[in-house]
Amino acid sequence: MVHAAFEQYRHRLIPPSSAHAESLASITQKLAAFQAFICSVSNEPAGCVFYLRKSDHMYLDRLSVLQKFRRQGVGSSLIRAVEQLAIREGYSAVRLGVRIALPATRAYYERLGFTWLEDCFHEGFQTPTYILMQKLLKKSSN
């Protein structure tokens with residue numbers, strides 16, 4: 001699912017996305033630290049997202065939605081699931097990284113309430129390659 005969802009970024013990003021190098025072994029290893037939500041539509045896998053508990057925030061990683069399920073609320077549902085879990089566990093923020101070369105992706109997260117936090121650099125780069133974004137969470141009044 002991760003490979004298929006990130007295929008559109010192949011040869012578009014410098015440095016290349018590490019999503020293309022993911023394997024069953026690397027995902028299994030990732031799940032030793034991260035956890036994930038998977039979304040299905042009519043019993044068909046549609047998307048997934050990984051998340052990691054940090055000391056002061058929940059980190060959202062590798063949001064992956066298959067092409068045929070995009071623009072149907074799958075991505076926002078997965079993000080909302082991470083946000084709701086973060087609130088239940090007492091976190092006040094969710095963070096994620098977005099490549100500078102993908103302004104439409106940044107705009108998507110901004111529409112969902114994420115804001116710029118800081119510019120970041122991949123190892124070996126002198127100019128920023130991605131930004132860290134954050135969404136402050138409000139505890140529900142239930």
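Keep in mind it's a predicted model, so treat the numbers as computed, not measured.

Let us look at the packing of aromatic side chains. One pass over the full model with this rule turns up four aromatic pairs. Seen in terms of ring centroids, Tyr108 and Tyr109 are 5.3 Å apart; in terms of plane orientation they differ by 70 degrees. Their pairing is edge-to-face. A residue is classified by how much of its surface remains accessible, and Tyr108, at 25% relative accessible area, is partly exposed. The class for Tyr109 is buried, based on a relative accessible area of 8%. Among the aromatic side chains, those forming a connected cluster through ring pairs are Tyr108, Tyr109 and Phe114. The ring centre of Phe34 lies 4.9 Å from the NZ or CZ of Lys30, which sits over that ring.

Attention now moves to the confidence of the model for the protein chain. Mean pLDDT over the protein chain: 91, with 98% of residues reaching 70 or higher. Ranking the elements of the protein chain by mean pLDDT puts helix H1 (residues 2-6) last, at 82, and strand E6 (residues 130-136) first, at 97.

As paired elements, strand E1 (residues 35-41) and strand E2 (residues 44-53) share seven bridges and run antiparallel to each other. Residue pairing for E2: Phe37 is matched across the bridge by Val49. Hairpin remark: E1 followed by E2, antiparallel, with two residues in the connecting loop; positive phi at Ser42, about 50 degrees.

What counts as what
What you see as residue numbers is a count from 1 along each chain, following the sequence as written. A pLDDT threshold of at least 70 governs which residues receive local features in this predicted model, and a stricter bar of 80 or more applies before side-chain atom pairs are shown or counted, although totals over entire chains, interfaces and linings include all residues. Only hydrogens and water are removed before side-chain values are computed, so all heavy atoms of the structure are retained for them. Pairing of aromatic rings covers Phe, Tyr and Trp, the last counted by its six-membered ring, and requires centre-to-centre distances within 6.5 Å; plane angles under 30 degrees mean stacked, over 60 mean edge-to-face, and any other angle means tilted. For every residue, the accessible area (1.4 Å probe, protein chains only) is compared with the maximum for its type, and the residue is labelled buried under 20%, exposed over 50%, or partly exposed between those bounds. Whether a charge sits over a ring comes down to the Lys NZ or Arg CZ being within 6 Å of the ring centre and within 35 degrees of the ring normal. What pLDDT expresses is the predictor's confidence in each residue, scored from 0 to 100. Labels follow the DSSP assignment, with helices taken as runs of H or I lasting at least four residues and strands as runs of E lasting at least two, numbered in each case from the N terminus. When DSSP finds two or more bridges between two strands, those strands count as paired.

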